[in-house]
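Residue strings, one per chain:
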Amino acid sequence: MSRRKGVMSESLKYEIARELGVYDIVSREGWGSVSSRDCGNLVRLAIEKASRNSASMPE
């Protein structure tokens, strides 16, 4: 079974991981070691950033 291509860029994932304080875990052990709660927070922040960016873009 193939995995879906990610929507977020790798750089955005790492930027948000730094903001949440889980970058050390990701760099040492990989994304699989990040808790579900932190992954949910990562997604929440990514959605907030995308909303802010789309709201500031002219139509």
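Check the entry above for the structure.
Since we're looking at a predicted model, the values are computed, not measured.

Parameters and conventions
- Residues numbered from 1 in each chain as written.
- Predicted model: local features only at pLDDT ≥ 70, side-chain atom pairs only at ≥ 80, totals over all residues.
- Heavy atoms only, no water.
- Salt bridge = Lys/Arg side-chain N within 4 Å of Asp/Glu carboxyl O.
- Helix = DSSP H or I, 4+ residues; strand = E, 2+ residues; numbered from the N terminus.
- Buried < 20%, exposed > 50% of the residue type's maximum accessible area, 1.4 Å probe, protein only.
- Phe/Tyr/Trp six-rings, centres within 6.5 Å; stacked < 30°, edge-to-face > 60°.
- Lys NZ or Arg CZ within 6 Å of the ring centre and 35° of its normal.

**Overview of the pattern of salt bridges**
And then number 1: The final tally for this structure, using the stated rule, is 5 salt bridges.
And then number 2: Here Glu15 and Lys49 are joined by a salt bridge, their closest N and O atoms 3.0 Å apart. Note that Glu15 is positioned in helix H1 (residues 10-20) and Lys49 in helix H3 (residues 36-56), a separation of 34 residues in sequence.
And then number 3: For Lys49, a relative accessible area of 17% translates into the label buried.
And then number 4: A salt bridge links Glu48 to Arg44; its shortest N-O distance comes to 3.1 Å. Separated by 4 residues within a single helix, Glu48 and Arg44 lie in helix H3, roughly one turn from each other.
And then number 5: Judged by its relative accessible area of 32%, Glu48 is partly exposed.
And then number 6: Under the relative-accessibility criterion, Arg44 is labelled partly exposed at 41%.

**Thoughts on the packing of aromatic side chains**
And then number 1: Here the structure, examined in full by the defined rule, presents 2 aromatic pairs.
And then number 2: Relative to Trp31, the ring of Tyr14 lies with its centre 5.5 Å away and its plane at 50°, an arrangement referred to as tilted. Of the two residues, Tyr14 is situated in helix H1 and Trp31 in the loop between helix H2 (23-29) and H3; the sequence distance between them amounts to 17 residues.
And then number 3: For Tyr14, a relative accessible area of 27% gives the class partly exposed.
And then number 4: Judged by its relative accessible area of 27%, Trp31 falls in the partly exposed class.
And then number 5: Among the aromatic side chains, those forming a connected cluster through ring pairs are Tyr14, Tyr23 and Trp31.
And then number 6: When the ring centre of Tyr23 is taken as origin, the NZ or CZ atom of Arg18, which lies over that ring, is 4.3 Å away.

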